[in-house]
Amino acid sequence: MKRRRKKISAMKPPTGRFIQAEVSSICESEGLNFFDDRISVKFRIENYADVEHEFPVYSSDDIDFAKLVDCTLGRSEQETTIRLQDLVGLKCGIKVEYMLRNGRLILEVVDICSLDELAEKQVVLLAK
C-alpha cells in the first residue's frame, strides 16, 4: 500500500480575528526623513502564508514597533535597549485584514496582542 504525504498549501490566513504568529525575520530600513524609518517584520503563521508588515519606528496612527516589542518581550522599547534579532522566534497574536492599496489587494497586520491576550480572546470565542 502506497502512503501519500499530506500536502500543506500556503493558504491565506483568516481575517477579522487574532491568530498566533511567530516573528521569522526582521530588518530596519531608513526613510528619507527622520519619521519615515521603518522596521520590516515577517510573521510565520502555521499552515498559512507568511505575512510581512512594515512598522513605523516612531509613534503614528498605525500600530507601532513599541507595541510589537511589548507584546513579544513583555516590556516596552523605552525601558531598555534591544537588538532587533532578539525578536526573531518570539510569538504573539496578530489580526490581519485585506486592504486595497494602489489598486492591489494586500494582506496587512492591523493589530497585535500578547499570547496571554490571545488565549483570553480564544476562550471568549469558544464560549459564544
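A. Structural view of the pattern of salt bridges. Tallied over the entire structure, the rule returns four salt bridges. The salt bridge partner of arginine 44 is aspartate 50, with a shortest N-O separation of 3.9 Å. Linking lysine 67 and aspartate 111 is a salt bridge whose minimum nitrogen-to-oxygen distance equals 2.7 Å. Of this pair, lysine 67 sits in helix α1 (residues 65-73) while aspartate 111 sits in strand β5 (residues 104-113); the two residues are 44 residues apart in sequence, bridging distant segments of the chain. Given a relative accessible area of 31%, lysine 67 falls into the partly exposed group.

B. Up close: the pairing of β5. Pairing of strand β4 (residues 91-101) with β5, which is carried by nine bridges, proceeds in the antiparallel orientation. For glycine 93, the partnering residue across the bridge sits in β5 and is cysteine 113. Between β4 and the antiparallel strand that follows it, β5, lie two residues; asparagine 102 among them carries a positive phi value of about 50°.

C. Spatial organisation of the confidence of the model for the chain. Counting all residues, the mean pLDDT for the chain is 79, and 80% of those residues have values of 70 or more. Confidence over residues 1-9 falls short of pLDDT 50; this stretch has two contacts with residues more than four positions distant or in other chains.

D. Region of interest: the environment of phenylalanine 43. Position of phenylalanine 43 relative to the elements: it lies in strand β2 (residues 38-44). Since its relative accessible area comes to 0%, phenylalanine 43 is described here as buried. Among residues more than four places away in sequence, those in contact with phenylalanine 43 are Ala21, Glu22, Val23, Ser24, Asp50, Val51, His53, Phe55, Leu68, Cys92, Ile94 and Val109.

E. Region of interest: the environment of valine 51. Locating valine 51 in the fold gives a position in strand β3 (residues 51-56). For valine 51, a relative accessible area of 2% corresponds to the buried category. The spatial distance from the C-alpha of valine 51 to the C-alpha of valine 41 is 8.4 Å, given a sequence separation of 10 residues. When neighbours within four sequence positions are excluded, valine 51 is seen to be in contact with Pro13, Val41, Lys42, Phe43, Ile45, Val96, Leu107 and Val109.

F. Up close: a negative patch on the surface. A contiguous patch of negative charge, built from Asp70, Asp116, Glu117 and Glu120, is present on the exposed surface. Mapped onto the fold, aspartate 116 is located in helix α2 (residues 115-127). According to the relative accessible area criterion, aspartate 116 is exposed, its value standing at 62%.

G. Examining the nonpolar core more closely. Ranked by size, the top nonpolar core spans 22 residues in total, and within it Phe43, Leu68, Ile94 and Ile112 carry the most contacts. Those elements giving two or more residues to this core turn out to be β1 (18-29), β2, β3, α1, β4 and β5. Excluding residues within four positions of it along the chain, leucine 68 makes contact with Val41, Phe43, Phe55, Leu87, Cys92 and Ile112.

H. Molecular detail of α1. Buried within α1 we find Phe65, Ala66, Leu68, Val69, Cys71 and Thr72. Contacts from the buried residues of α1 go to β1, β2, β3, β4 and β5. One or two positions beyond α1, positive phi appears at glycine 74, with a value near 80°.

Thresholds applied
- Residues numbered from 1 in each chain as written.
- Predicted model: local features only at pLDDT ≥ 70, side-chain atom pairs only at ≥ 80, totals over all residues.
- Heavy atoms only, no water.
- Salt bridge = Lys/Arg side-chain N within 4 Å of Asp/Glu carboxyl O.
- Helix = DSSP H or I, 4+ residues; strand = E, 2+ residues; numbered from the N terminus.
- Buried < 20%, exposed > 50% of the residue type's maximum accessible area, 1.4 Å probe, protein only.
- Pairing = 2+ DSSP bridges.
- pLDDT = per-residue confidence, 0-100.
- Contact = heavy atoms within 4.5 Å.
- Patch = residues over 30% accessible without salt bridge, like charges linked within 9 Å, V, L, I, M, F, W, Y side chains within 5 Å.
- Areas by Shrake-Rupley, 256 points an atom, 1.4 Å probe, with all protein chains shown as cover.
- Lys, Arg positive; Asp, Glu negative; His and termini not counted.
- Charge placed at Lys NZ, Arg CZ, Asp CG, Glu CD.
- Core = buried A, V, L, I, M, F, W, Y, C linked by side-chain atoms within 4.5 Å.

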